[in-house]
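# Residue-level structure breakdown
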Amino acid sequence: MSNHMSNYTETSFTSTDGLRLYARDYAPCGGPARLPVICIHGLTRNSADFDELAPWIADQGRRVLAIDVRGRGHSAYDPDPSHYNLMVYADDVVKLAHDLGIGRAVFIGTSMGGLITMTLAMRHLNLVAAAVLNDVGPALSPRGLQRIASYAGKGEVLASWGDAADYVREINQSAFPDNTAEDWARWARRAFSETAPGQFGMRYDPRIADSIRPDKLKPSSVLARFAFRRLARNRPTLLVRGALSDLIENEQLALMRAAAPKMAYAEVPNVGHAPMLTETAAQAALRGFLGQVD
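Summarised in this report is the structure supplied together with it.

Procedures and definitions
- Residues numbered from 1 in each chain as written.
- Predicted model: local features only at pLDDT ≥ 70, side-chain atom pairs only at ≥ 80, totals over all residues.
- Heavy atoms only, no water.
- Pairing = 2+ DSSP bridges.
- Helix = DSSP H or I, 4+ residues; strand = E, 2+ residues; numbered from the N terminus.
- Contact = heavy atoms within 4.5 Å.
- Axes fitted to C-alpha atoms, helices over the stretch in contact; angles between N-to-C directions.
- Patch = residues over 30% accessible without salt bridge, like charges linked within 9 Å, V, L, I, M, F, W, Y side chains within 5 Å.
- Areas by Shrake-Rupley, 256 points an atom, 1.4 Å probe, with all protein chains shown as cover.
- Salt bridge = Lys/Arg side-chain N within 4 Å of Asp/Glu carboxyl O.
- Buried < 20%, exposed > 50% of the residue type's maximum accessible area, 1.4 Å probe, protein only.

## Examining the sheet that holds strand β9 (residues 199-202)
With antiparallel pairing, the 3 strands of this open sheet are ordered in space as β7-β9-β8. Of all strands in the sheet, those bounded by a partner on one side alone are β7 (157-158) and β8 (192-196). Across the sheet, helix α5 (residues 161-172) lies against β7, β8 and β9, angled at about 140° from β8, the strand it touches most. On the sheet, helix α6 (residues 181-191) packs against β8 and β9 and is oriented at approximately 55° with respect to β8.

## Quick notes on a nonpolar patch on the surface
Taken together, M87, L223 and F226 make up a surface patch of nonpolar side chains, about 260 Å² in accessible area. Tracing the sequence through the fold places M87 in helix α2 (residues 86-99).

## Thoughts on the pattern of salt bridges
What the rule picks out here adds up to 18 salt bridges. Of the charged contacts, one joins D78 and R70 as a salt bridge, the two residues approaching to 2.4 Å between their closest N and O atoms. Looking at D78, the relative accessible area reads 2%, which means it is buried. Judged by its relative accessible area of 1%, R70 is buried. We note a salt bridge from K95 to D99, for which the minimum N-O separation is 2.9 Å. In this pair, K95 and D99 are both assigned in helix α2, 4 residues apart and thus about one turn of the helix distant. Through salt bridges with shared partners, one network takes in D17, R70, D78 and D92.

The following block contains the structure:
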């Protein structure tokens, strides 16, 4: 991994509906110009999830942008929670690319970030040069969706960093059985912030979870399947899947491979939803995939 984990510039931009949004901008290490990479995190996460992956990619000569999707991290919360949806998120990414003069990019999307990438392919295919879908696809296992819905948006406020580490471990230990105490502490620093002395809150608007309420949960849709086919049949696409994933299980994997026979595939052993993309298997796949894109 790169030793330049904080080597980024903070940037902000304004969405088309006036929200101030945030991204980390990692400069390439040099060499010939290559397509930039845009990293998009999962439902309750933020750009800090890529604080190891992004500099590793930048060291390979690519500019990397890691966005805080609206309602997360340093991006503004939306006063209208109905805007927390894939179409609006995709429009925000388009605005970021436009403001920075980026006409084409490689996208790496973890979980919800992969769904945003699929939405981009459906509506702005010219922007997408290639895509990495991290443990997500057009059909999702109800088991994983129910697990995510069970904790997302609860608005927990904890009393210490130790409590925060315990909280993320309790939710995620089955997916990351090999994580150490140091790993959970690092995760807590990404997921929580100190909102007041002795108060630690999640770094997202609890209302982002409205879209995955049990009455709204849809494991798949015609639109999602169309978006996936448009992406994976027209652009180089890599699916990275955790071997223990409860969101992309064998049934969902088989559907994706049948719909996109040319899709590249990598499986990360002993990891569930979703790989951090710093694992050996993930990085070997990413290095090979990125090496063929431009």
